[in-house]
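# Analysis of the macromolecular model
Listed below, chain by chain, are the residues.
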2 protein chains.
Amino acid sequence: MITDVRQHYRFDGEKFARSNLVETGQLFADVYCFEAGQSQPPHTHDGATKIYYVIEGTGLFTLGPDERHVSAGGFVCAGPGQVHGVSNPGPGRLVTLTVMAPNPNK
Amino acid sequence: MITDVRQHYRFDGEKFARSNLVETGQLFADVYCFEAGQSQPPHTHDGATKIYYVIEGTGLFTLGPDERHVSAGGFVCAGPGQVHGVSNPGPGRLVTLTVMAPNPNK
């Protein structure tokens, strides 16, 4: 499939929104859209890798024991069992391309 | 790991250049950098999914029977066994974030 990621931006005033681009037997790719103040709390995945590429804005990422601001062009990779999360301190919106393998939905 | 993708741009006058961001047991993520006129010829991967996110420039992507120009913000997913390739018609450079799962190198 071929698409433009910007066509999949979707924001929700209640909580950060995930917009799926693709799911295969090997991975999923989502667009995560965060209004200012929204977050994905720190969590882990056994046996899976998740990556975030920051398309727009700046996120405050948790990765293991670290917290770091990551802006557009930044890349974060959480390996199996590694604690990870992200919040949008604002004032702008935050958009990430988020990929996880293997795909827990398949 | 956390990094800025732009720090990994590497161009090679001879052929398109791959710059690895991360490898885990589940996936690899590379930055592919194409000078004008360079290409990754169409090919397939059995049992693996590859995605391309276009960071800069415009690529002419082959995906199965289709050919399509895809510019910055565009996303291409080739599923298992699906023919895929990309060329940079120029005149500018082309940069993609490229992810493949599972990781054939692990």
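In this numbering scheme, every chain counts its residues from 1 along its sequence in written order. Chains and ligands are labelled by the order in which they are written, letters from A for the one and numbers from 1 for the other. Reporting in this predicted model follows two pLDDT cut-offs: at least 70 for local features of residues, and 80 or more for side-chain atom pairs to be given and counted; totals over whole chains, interfaces and linings ignore these cut-offs and use all residues. Only hydrogens and water are set aside; all other atoms, that is, all heavy atoms of the structure, feed into the side-chain values.

As a further point, take the interface of chain A and chain B. Taken together, the contact pairs 32 residues of chain A with 32 residues of chain B. As a working definition, buried area equals the accessible area (1.4 Å probe) given up by two parts on being put together, with both sides summed. Note on chain A versus chain B: buried area summed over both sides is about 2600 Å², and carbon and sulfur give 69% of it. The largest per-residue losses of area from chain A upon contact with chain B belong to Ile2, Gln26 and Phe75 of chain A, which jointly make up 27% of the total buried on that side. Any carboxyl oxygen of Asp or Glu within 4 Å of a side-chain nitrogen of Lys or Arg constitutes a salt bridge here. Our enumeration of links across chain A and chain B arrives at zero salt bridges. In the analysis that follows, any N or O atom pair within 3.5 Å is treated as a polar contact, provided that within protein one partner can donate a hydrogen and the other can accept it, and provided that, for residues neighboring in sequence, both atoms belong to side chains. Taken together, the connections running from chain A to chain B amount to 12 residue pairs in polar contact (both at pLDDT 80 or more). Of all the elements in the fold, those that place two or more residues in the side of chain A that touches chain B are β1 (2-4), β2 (17-23), β5 (49-56), β7 (66-71), β8 (74-78) and β10 (94-101) of chain A. Each residue receives one of three labels: charged for Asp, Glu, Lys and Arg, nonpolar for Ala, Val, Leu, Ile, Met, Phe, Trp, Tyr, Cys and Pro, and polar for the others, Gly being one of them. A per-class count over the side of chain A that touches chain B returns 22 nonpolar, seven polar and three charged. Strand pairing is assigned whenever DSSP identifies at least 2 bridges connecting the two strands. Strands here mean DSSP runs of E at least two residues long; helices mean DSSP runs of H or I at least four residues long; both are numbered from the N terminus. Sheet analysis places β8 of chain A next to strand β1 (residues 2-4) of chain B, joined by three bridges and oriented antiparallel. The contact rule is simple, with two residues in contact once any of their heavy atoms fall within 4.5 Å.

A word on the nonpolar core. Note that soluble globular proteins tend to have their nonpolar side chains buried in a common cluster. Among the nonpolar cores identified, the biggest contains 32 residues, and Phe75 of chain A together with Phe75 of chain B are the most heavily contacted of them. Among all residues touching phenylalanine 75 of chain B, those that are not within four sequence positions of it are Met1, Ile2, Thr3, Val5, Leu21, Val22, Ala29 and Leu97 of chain A together with Ile51, Tyr52 and Val70 of chain B. Nonpolar cores are built from buried Ala, Val, Leu, Ile, Met, Phe, Trp, Tyr and Cys residues. Side-chain atoms within 4.5 Å join them into one set. Remark: exposure states derive from per-residue accessible area (1.4 Å probe, protein chains only) relative to the maximum for the residue type, with buried under 20%, exposed over 50%, and partly exposed in between.

This part is about the relation of the copies chain A and chain B. Between the two copies of the chain lies a relationship made up of a rotation around an axis and a movement along it. For the pair chain A and chain B, the relating rotation is 180°, the translation along its axis is 0.0 Å, and the fit reaches an RMSD of 0.0 Å. Within this description, the copies of the chain are treated as partners about a two-fold rotation axis. Among all residues of chain A, the one whose C-alpha sits closest to the rotation axis is alanine 101 of chain A, at a distance of 3.2 Å. Here 100% of the interface residues in chain A have copies in chain B that are interface residues too; the copies meet face to matching face. When the copies are superposed, the least-squares fit takes in the C-alpha atoms of residues with a pLDDT of at least 70 in both.

Attention now goes to the pattern of salt bridges. When charged atoms on two side chains of opposite charge get close, those side chains can pair. With the rule as written, the count across this model stands at four salt bridges over all chains. Between arginine 6 of chain A and aspartate 4 of chain A there is a salt bridge, with the nearest N and O atoms lying 2.9 Å from each other. Judged by its relative accessible area of 46%, arginine 6 of chain A falls in the partly exposed class. Note that arginine 93 of chain B is salt-bridged to glutamate 35 of chain B, the shortest N-O span being 2.9 Å. One end of the pair, arginine 93 of chain B, is in the loop between β9 (84-87) and β10 (94-101); the other, glutamate 35 of chain B, is in the loop between β3 (28-34) and β4 (39-43), with 58 residues separating them in the sequence.

This part takes up the sheet that holds β7 of chain A. Residue and element names in this part refer to chain A. Pairing within the open sheet is antiparallel, and its four strands lie in the order β4-β9-β6-β7. Edge positions in the sheet fall to β4 (39-43) and β7, since each of these pairs with one other strand and no more. Going from strand to strand, the sheet's axes swing by 25° on average, the running direction of each strand aside. In this sheet, strand β9 (residues 84-87) lies alongside β4 in antiparallel orientation, the contact comprising three bridges. Paired with glutamine 40 across the strands is valine 86, a residue of β9. Simply put, an axis is a line fit to the C-alpha atoms, just over the touching stretch for a helix, and the angle between two N-to-C directions goes from 0 to 180 degrees.

Each aromatic pair joins two rings of Phe, Tyr and Trp (for Trp, the six-membered one) with centres within 6.5 Å, and gets the label stacked for planes under 30 degrees apart, edge-to-face for over 60, and tilted for any other angle. This model, assessed by the stated rule, comprises 11 aromatic pairs over all chains. Seen in terms of ring centroids, tyrosine 53 of chain A and tyrosine 53 of chain B are 5.5 Å apart; in terms of plane orientation they differ by 55°. Their pairing is tilted. With one member in each of two chains, tyrosine 53 of chain A in strand β5 and tyrosine 53 of chain B in strand β5 (residues 49-56) form a pair that bridges those chains. Taking the relative accessible area as the measure of exposure, tyrosine 53 of chain B reaches 7% and is therefore buried. Grouping aromatic residues by their ring pairs yields a cluster made of Phe16, Tyr32, Phe34, Tyr52 and Phe61 of chain A. We call a charge positioned above a ring when the Lys NZ or Arg CZ atom is no farther than 6 Å from the ring centre and deviates by at most 35 degrees from the ring normal. Lying over the aromatic face of phenylalanine 11 of chain A, arginine 93 of chain A brings its terminal NZ or CZ to 3.7 Å of the ring centre.

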